[in-house]
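Observations on the model geometry
Here is what each chain is made of, one letter per residue.
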Amino acid sequence: MAESTITARISVSSNPEQSWEFPVLHGSEGPDAIDVTKLYKTTGMFTHDPGFLSTSSCESRITFIDGEKGILRHRGYSIEDLAEHSDYLEVCYLLLYGELPDAKEKAWFVKEITYHTLVHEQLEFMFRGFPRRSHPMAILVGAVASLSAFYHDSLDIHDEKERDLAAKRMIAKMPTLTAMAYKYSIGQPFVFPQNALDFSSNFLNMMFSVPAEPYKVNPVMARAIDKLLILHADHEQNASTSTVRLASSSGANPFACLGAGISCLWGPAHGGANQAVIEMLREIEHVDRIPEFITRAKDKDDPFRLMGFGHRVYKNYDPRARVIKKYCDEVLEEIGDQEDNQLLKIAKELEKIALNDDYFVQRKLFPNVDFYSGIIYEAMGIPTALFTPMFALARTVGWVAQWKEMMEDPELRIGRPRQLYTGYPARDYVPIDKR
Ligand code: SDX
């Protein structure tokens, strides 16, 4: 980060003679930032930014988003290029280590991940303690945080080797845990990882194979899953990544902090939106009912929102949604469902109507990453309750890459925001017989 030669001057109208200067920081791309770390010490005032609409919480070199232009890059590479030419494990390497791997580095990394896909046998007993109808996100929150009970050789956050091992373990074990949560919910036996399969084929095999007969992974489905994982891998300082960063700033172990990130992602305003989109499309039921739901989405007295639309940062089409929409057609064509897939028909018609409606245009509400992803998952036979776990599976690399970057920052300190207090001033205790 370069401290620029310019500064920001702040003065308060109640005392215009007095003003203070703060440095303006230059990034390599995107908005400059006013460094207010000394604002309170200098002025006795806080900044106030609930929801962090104008706040940079950290310096990062991993992902860049330009919300106005709909740009998303990981370590300088566009999401479109990575989705087109790369694969998920290669993107994991890029996010973790900063560069695309050469052939030798890639082979090493794929082997490292492959040989960490098994989970401790004892974890099975934890799964069996959940009701069969548990939401898989509830199981994942518990299972991921509980990894800290099993892997004591990768808990020392100050040891670079242990951090690297913890990061690889989480990337490797998330598909296994996600598939276990699915198998447990349908009463089928857990399927072990197969080292001979690539990352996404291995996931599909753990999800859909049964011991009673051979299972052949459909390469088109495996490719689509791999691309969806790339598209969900990281996204700057979104709510769940910020949760992982804040939890980790206390020095808590990475497995427990990822459990916090999974909890945050579960919300319908965040990663839970992909499940909410499918539920919304099902509720709309037919293209004729779209106007009724558009009206509800615009009605301030109606809590209904158009799920999969809008974004805190993108005020343009989410570049990931554009790519996913393309893969939708490819996957549905492969399974011969493209023509009469009602959900896709409603989604495309809903998008068309919304993008021509003033309410959405004025507020720059476009489809986001969650709008089309559920249609692909649904077409692959992945149940709705597994959609957000798929997001968590993909985002694990983003969480651990951002965690790793934060732990390597010599300026690391515990995150502890302040507040604007609007409660009672001091008052004396009143005995109960006087109240
Ligand atoms: C993800 O941050 C990330 O990077 C997240 C993510 C990632 O990769 O990590 O990209 C993944 O979480 C994508 C977002 C998934 N969520 C949804 O699809 C849920 C539906 N969308 C919204 O709830 C909403 O758009 C948010 C939560 C995504 C963003 O909310 P903001 O930035 O706080 O915006 P806002 O609520 O202040 O909305 C601004 C205006 C409001 O109207 P006015 O008060 O100005 O009249 O737009 C309206 C909102 O009512 N609005 C919507 C709407 N989203 C915003 N109106 C109807 N339908 C919607 N979906």
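Structure first, text after, so check above.
The sections below set out a description of the structure shown in this document. Nothing here was measured: the structure is a model prediction, and the numbers come from that model.

**Here's the deal with the packing of helix H10 (residues 239-248) against helix H11 (residues 254-265)**
For the pair H10 and H11, interaxial distance at closest approach is 8 Å and the crossing angle is 150°. Accordingly, the angle class assigned to the pair H10 and H11 is roughly antiparallel. For H10 against H11, the interelement crossing comes out right-handed. Mapping the contact onto sequence places Ala 239, Ser 240, Thr 243, Val 244, Ala 247 and Ser 248 in H10 and Cys 257, Leu 258, Ala 260, Gly 261, Cys 264 and Leu 265 in H11. A per-class count over the contact of H10 with H11 returns eight nonpolar, four polar and no charged.

**Overview of the pairing of strand E4 (residues 63-66)**
Both faces of E4 are covered, namely the face carrying Thr 63 and Ile 65 and the face carrying Phe 64 and Asp 66. Across four bridges, the pairing between E4 and strand E5 (residues 71-74) is antiparallel. Directly across from Phe 64, in E5, lies its bridge partner Arg 73. Linkage of E4 to E5, two consecutive antiparallel strands, is achieved through a turn of four residues, within which Gly 70 is found at a positive phi near 70°.

**Considerations on the packing of helix H15 (residues 342-354) against helix H17 (residues 370-379)**
The contact between H15 and H17 brings their axes to 10 Å, and the two run at 170°. As far as their axial angle goes, H17 and H15 are roughly antiparallel. Between H15 and H17, the residues in contact are Leu 343, Leu 344, Ala 347, Lys 348, Leu 350 and Glu 351 and Phe 371, Tyr 372, Ile 375 and Glu 378, respectively. Along the lines of polarity and charge, the residues of the contact of H15 with H17 split into seven nonpolar, no polar and three charged.

Rules and cut-offs
Residues numbered from 1 in each chain as written. Predicted model: local features only at pLDDT ≥ 70, side-chain atom pairs only at ≥ 80, totals over all residues. Heavy atoms only, no water. Axes fitted to C-alpha atoms, helices over the stretch in contact; angles between N-to-C directions. Helix = DSSP H or I, 4+ residues; strand = E, 2+ residues; numbered from the N terminus. Parallel < 35°, antiparallel > 145°, perpendicular 65-115°, else oblique. Left-handed = near helix turned anticlockwise from the far one by under 90°. Contact = heavy atoms within 4.5 Å. Nonpolar A, V, L, I, M, F, W, Y, C, P; charged D, E, K, R; others polar. Buried < 20%, exposed > 50% of the residue type's maximum accessible area, 1.4 Å probe, protein only. Pairing = 2+ DSSP bridges.

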